[in-house]
Amino acid sequence: MDKWDIRFIRMAREVASWSKDPSTQVGSIAVKNKKIIATGYNGFPKNIKDRSKDLYDRERKLKLTVHGEMNMIYNAVEHGVKLEGSTVYIWGLPTCEDCWKGLVQTGVSRVVMPNIEFEGGKWKDGCNHAKKFMEISDINITEYLMSWPGLDYEENYISRGK
């Protein structure tokens, strides 16, 4: 990873903070030529209010929630942005067994996501499935630890330049 990867992971972390989900915040950004071209975070669809009774009812929340990656794709489409050839940075959870398909279909070339083994939790199997099929589909995968100190202190871990 280089300094730009770290900067964009930080941006994905910021986008994740916009989620109203009380337990898990996931942010996703698409980048092309060092420019952010789309963002998304996990949350309810448009015109569905973020009511506490829905946010704190896990079963209902899971049925209503649009994942960060899919929200990013929908936002790109809404604004006429093509994701082909982009790098997607994800914060919060690795790509799941549903979202990988959208990343493949939109032509994403690289995904930088939390490490499945350390950050996947109970979703590990689905995330490993997603990783396998993204790799088969020629998407380059980079995994990172969300606890890595370099995400907070870039200058101590990445050489200046580029």
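Owing to the predicted nature of the structure, the values given are computational and were not obtained by experimental measurement.

1. With respect to the sheet that holds strand S3 (residues 87-91)
One open sheet holds the five strands; their spatial order is S2-S1-S3-S4-S5, and the pairing between them is mixed. This sheet does not close on itself; its edge strands, each paired only once, are strand S2 (35-41) and strand S5 (140-144). Shown here is a sheet whose adjacent strand axes are inclined to one another by a mean of 15 degrees, direction ignored. Note: S3 against strand S4 (residues 110-114), three bridges, orientation parallel. In the sheet register, Thr-87 faces S4, and the bridge partner there is Arg-110. Along the sheet, helix H4 (residues 68-78) makes contact with strand S1 (27-32), S2 and S3, crossing S2 at roughly 125 degrees.

2. Points about the pattern of salt bridges
When charged atoms on two side chains of opposite charge get close, those side chains can pair. For the coordinates displayed, the defined rule picks out ten salt bridges. A salt bridge links Asp-54 to Arg-60, with the shortest nitrogen-to-oxygen separation between them at 2.7 Å. The class of Asp-54 is buried, set by a relative accessible area of 2%. Given a relative accessible area of 40%, Arg-60 falls into the partly exposed group.

3. A word on the packing of aromatic side chains
On inspection of all chains with the given rule, the structure shows five aromatic pairs. On the basis of an interplanar angle of 40 degrees and a centroid distance of 5.4 Å, the ring pair of Phe-8 and Tyr-89 is categorised as tilted. Of this pair, Phe-8 sits in helix H1 (residues 3-16) while Tyr-89 sits in strand S3, placing them 81 residues apart in sequence. Classification of Phe-8 as buried rests on a relative accessible area of 6%. Each ring, one from Trp-91 and one from Tyr-144, has its centre 6.2 Å from the other, and the planes form 25 degrees; the classification is stacked.

Conventions we followed
- Residues numbered from 1 in each chain as written.
- Predicted model: local features only at pLDDT ≥ 70, side-chain atom pairs only at ≥ 80, totals over all residues.
- Heavy atoms only, no water.
- Pairing = 2+ DSSP bridges.
- Helix = DSSP H or I, 4+ residues; strand = E, 2+ residues; numbered from the N terminus.
- Axes fitted to C-alpha atoms, helices over the stretch in contact; angles between N-to-C directions.
- Contact = heavy atoms within 4.5 Å.
- Salt bridge = Lys/Arg side-chain N within 4 Å of Asp/Glu carboxyl O.
- Buried < 20%, exposed > 50% of the residue type's maximum accessible area, 1.4 Å probe, protein only.
- Phe/Tyr/Trp six-rings, centres within 6.5 Å; stacked < 30°, edge-to-face > 60°.

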